[in-house]
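Spelled out, the chains give:
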Amino acid sequence: MFKKILLTLGLLIVLVLAAAITLPIIYKDDIIAKVKSTINDNVNADVKFGDFSVSIIRSFPNLSFSMENLMVAGVDSFKNDTLANIGELYVVVDIMSVINKETIKIKSLELDRAQLNFVVLKSGKANWDIAKTDTTKLEVPADTTASNFSIALKSYSIKNSTLVYDDQSLSFYTKLQNLNHTGSGDFTQDLFTLLTKTKADELTVGYGGVNYLSKVKLDADAAIDMNLKDFVFTFKDNVINLNALVINFAGMVAMPDTNIDLDLTFDAQKSEFKNFLSLIPAIYSSSFDNLTANGKFALNGYYKGRMNAVSMPGFGLNVLVENGNFKYPDLPTGVNNVQLDLNVEDKDGVFDHTVVNMKKLHIEFGNEPFDATLLLKTPESDPDISTEIKGTIDLANILKIVPIEDTKLSGVIKADMMAKGKISTIEKGQYESFDAKGNVSISNLNYSTKESTLPLAIKSVSFNLSPKNITMKNLKATYGKSDFAADGTLENYLGFALRGTAIKARLNFGADMIDLNEMMGPSSEEEVSTDTSTAGVFEVPENIDFVLNSKINKVLYDNMELVDLSGTISIKNKEVNFTKVGLKTLDGTITMDGVYSTTDVKKPVVDMDFAIQQMDIQKAFKTFNTVQKLAPIAENTTGKFNTQLKFNTILGEDMSPVMNTIQGAGVLELLGTNIKGSNTLNKLSDALKTDKLKELNIKDTKIEFSLVDGRVVIKPFDMTTLNTVINIGGSSGLDQTIAYTMKLKLPKNFLGAASTSVLNGLSAQLGKVGSSYNPTDALNVTALIGGVVTKPTIKLSMADAGAGIKGAIKDVLNDKKNEAIAKGKEEARKRADQILAAAQKQADAVKAQARNLADVTKREGYAAADKLVKKASNPIAKAAAKKLAEKAKKETDEKCAKIIAEGDKKADDIMVKARAEADKLLK
């Protein structure tokens, strides 16, 4: 790993030099083009840079090369990730090696204002692995002078920089802020001593989501005996300063091949207790120098063994505090009689062989003692735990002990509990073989800070322990304006804490009001992440099994007020299930059942069954983006509606539906609605030379609809308005396109003057041929509505209103013939509709069968992959298993996609055949 990081940085630097130094310096534009092409030909990354220069003045008598704003961004899996952003890269080379066209010797290297981000994904893929396979020789392309490079470094440095190492496969994180590092040594020799100095304003080290060092000041001097021939590095007596704590370390690191052999020791046996306290952020403040502290403190440990893809080195850690105490002179209370004896050891690197033994922890906060012990063995295969905790903490005393500005804290925490036994006995239901008892209580807790605008208050809560579960009673709390109350049980709490297995909870949750807007705070563009992979997706935890019976009087979210929310919410297997959840909003009521699933966090899915009653149309349009997209006519509609809707969709990064994935069907009931100001109705009125269609008052009407690939498909329906019946059917899409057929039965007095004149003439013509037509009779008009919502198009089955109605004369004159033809067509159309309906039902069944098979295949494939991960016996094996599992899941997804595609094709073939048969009938 370390070799690859060094080789990656070296590759980038050498490529830049190879393309720049070997070209005539006077042709700067050519150099820029050549540098870019050379880099991009040799790395799988997006490389950009600003100005650069080649000079002999700055580093006389050597040749110097500098480049500004060098940025290396990832591609593919790391598309939104920046590997390096370097303010200035400065390199010095031996000028004679350039003039004599010898091997070019790099003598010094400097990175200034660099942002270096080294990331390893959960799959094990690293963002620095960017070298193309044909770049191992690091040669300049053939159209330039062939040149080779050698490292002849005498010194290197990193200034004013930030370095991040984020290994997601091991859940390990390190960050160095404002890093300044120098190294000097003769890299032309196989054996030499490298002298390094490292300083950083902030060092953070985390593992498993816990920061063990948080923004600690680092100052380290190291002398390393370098054996470049055998790749063995020996650390002499070196010193690391972490805030005020001084740690000595020594040992050896060898990299004979892909393995890394470690034999390192560290200790702080001569340190004072005050120096250890400096690692605690709340204590290490500007007034730390005034802190008085006494007591004995010792720390030592080791790393020893081989590290590779399947094994980790052994390690040990010992921490001892005896008779410790500290107090700030300006504060009334101190901490007394601190006793700590902690040993953590894993002799052979097998995680399950780790033993954590905290023989003693005793602290007195003022006059309140707190005691704890812990012994943990076999943490992976079958955690064997023995622990006791007892004490009272008056939180108000914390502010009397430690100077924490702009913070309010009070309340009392009492604990008296113990647990002893193996987790397997609980998992087997053998509760009599596991001993757990005691309780923890919190009362009158109040907490607020300047940074957190919302105060937290817990009036009361108690937790009673037993081998089977923890019983939570009487939780009453507020957070800002929101309030909470809950009680219930939690099972497998130790398995969750020690093995990560699912914790099972059954809770009753209630609240008078929850203000989600206040909790989320105001949105800010500066807070928006540039990583859009799963930026706003709420991922349901995999290892919880919760059932919440909820009743909340009011919820404020965005521009909505949700009232009387109640129902059962269950969370399990990365899914949230809603059962008989009901609420009131927008003047109506909503009840729903369904599921939100993040089995694939990149494509979260919602599958819901809604029932909505008496909801205001205008409020729904203004509130829901989905209504605006799929039912734009609602903007010009007032009234209320009921609906029954069953749908499923994939959600996007903002947790909104991906419109073209919405599938569903339902029934919409319009209740006393009015449509006015619609572009479509205005255009239709103009075509028929009447103003009467520009506003419609619609009686109660039921509409059947379906959601297919982002379009709302309306089944033809009749609505009564203006003493006439209008039949409408068609669809509208996400792109705001509309395609509707409107059939109108219009009386003469409904039309404008031009239309009336045509109808009178039509009556006279029919009389001459022995037929008759009463101008007061209704006229059937079919309107084809197309275009987009903002600019609709209207096509009538006759020509445009007035003069166009004359075209109907020929049809009327051939009345009897037309009646016979029409009757035959109607029968054929009915039969064709029957054929298409039967085919559609068969096609839908085929699609559903394919999707059900795909769901079963996916569940079985994912379960097998997850089982592979669970069987892994240590973190390294688990990381490798996760990589195999990801591959297996990908193959499962591809197989499922193929099953669905084959089902869709078969369904399409059924419909094609049916349409051909229907067309034949209609002809």
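In terms of regular secondary structure, the protein chain is built from 16 helices and 39 strands. In the protein chain, of all internal contacts separated by at least 6 residues, the share reaching a separation of at least 24 is 54%. About 49500 Å² of surface is accessible on the protein chain, with carbon and sulfur atoms providing 54% of the total.

Pairing geometry for strand β7 (residues 172–184) and strand β8 (residues 191–207), over 12 bridges, is antiparallel. Across the sheet, the residue bridging to N180 is K199, located in β8. Between the antiparallel neighbours β7 and β8 lie 6 residues.

Looking now at the environment of M608. Assignment of secondary structure puts M608 in strand β30 (residues 605–616). M608 sits in the buried class, given a relative accessible area of 6%. When neighbours within four sequence positions are excluded, M608 is seen to be in contact with F578, M592, D593, G594, V595, L645, K646 and F647.

The next point concerns the packing of aromatic side chains. Here a ring pair, both rings aromatic, is described through the centre-centre distance and the interplanar angle of the planes. Taken as a whole and assessed by the stated rule, the structure comprises 13 aromatic pairs. Ring geometry for F118 against W128: centres 6.0 Å apart, planes inclined by 70°, an arrangement best described as edge-to-face. With F118 in strand β5 (residues 104–120) and W128 in the loop between β5 and β6 (149–167), the pair connects residues that are 10 residues apart, well separated along the chain. Given a relative accessible area of 3%, W128 falls into the buried group. These aromatic residues form a ring-pair network of at least three members: F118, W128, Y165 and F172. It is K274 that lies over the ring of F288; its NZ or CZ is 5.3 Å from the centre.

Let's shift gears to the pattern of salt bridges. Going through the model one piece at a time under the given rule, you end up with 18 salt bridges. Between D112 and R113 there is a salt bridge, with its nearest N and O atoms 3.0 Å apart. Among the residues examined, R113 registers a relative accessible area of 44% and is labelled partly exposed. The partner of D735 in a salt bridge is R711, with the nearest N and O atoms 4.0 Å apart. Here the residue D735 occupies a position in the loop between β36 (724–733) and β37 (738–747), and R711 occupies one in strand β35 (residues 711–721), the gap between them amounting to 24 residues. Where salt bridges share partners, they join R506, D545 and K572 into one cluster.

Here we come to the side chain of N642. Mapped onto the secondary structure, N642 falls in strand β31 (residues 637–650). Assessed through its relative accessible area of 10%, N642 is described here as buried. Ignoring anything within four residues of it in the chain, the contact list for N642 reads I612, Q613, Q614, V667, L668, E669 and L671.

A few words now on the confidence of the model for the protein chain. In the predicted model, the protein chain carries a mean pLDDT of 82, and 84% of its residues have values of at least 70. The weakest mean pLDDT in the protein chain belongs to helix α13 (residues 801–804) at 39; the strongest belongs to strand β21 (residues 456–465) at 96. Note on residues 524–535: pLDDT is under 50 here. Beyond four places in sequence and across chains, it has 8 contacts. Predicted confidence for residues 798–813 stays below pLDDT 50, and this span has 33 contacts to residues more than four positions away or in other chains.

Turning to unusual backbone geometry, a few remarks are in order. Even without a glycine there, the phi angle at R113 is positive, about 55°. Checked against the element boundaries, R113 lands in strand β5. A positive phi angle, near 60°, is found at Q614, a position not held by glycine. For Q614, the position within the fold is in strand β30.

Relative to the helices and strands, D230 is located in the loop between β9 (210–227) and β10 (232–242). Once the C-alpha coordinates of D230 and D190 are considered, the two residues, 40 residues apart in sequence, prove to be 8.7 Å apart.

Let's shift gears to the environment of A837. Relative to the helices and strands, A837 is located in helix α15 (residues 815–870). Considering only alpha carbons, one finds A837 and M911, 74 residues apart in sequence, at a separation of 9.6 Å.

Procedures and definitions
Residues numbered from 1 in each chain as written. Predicted model: local features only at pLDDT ≥ 70, side-chain atom pairs only at ≥ 80, totals over all residues. Heavy atoms only, no water. Helix = DSSP H or I, 4+ residues; strand = E, 2+ residues; numbered from the N terminus. Contact = heavy atoms within 4.5 Å. Areas by Shrake-Rupley, 256 points an atom, 1.4 Å probe, with all protein chains shown as cover. Pairing = 2+ DSSP bridges. Buried < 20%, exposed > 50% of the residue type's maximum accessible area, 1.4 Å probe, protein only. Phe/Tyr/Trp six-rings, centres within 6.5 Å; stacked < 30°, edge-to-face > 60°. Lys NZ or Arg CZ within 6 Å of the ring centre and 35° of its normal. Salt bridge = Lys/Arg side-chain N within 4 Å of Asp/Glu carboxyl O. pLDDT = per-residue confidence, 0-100.

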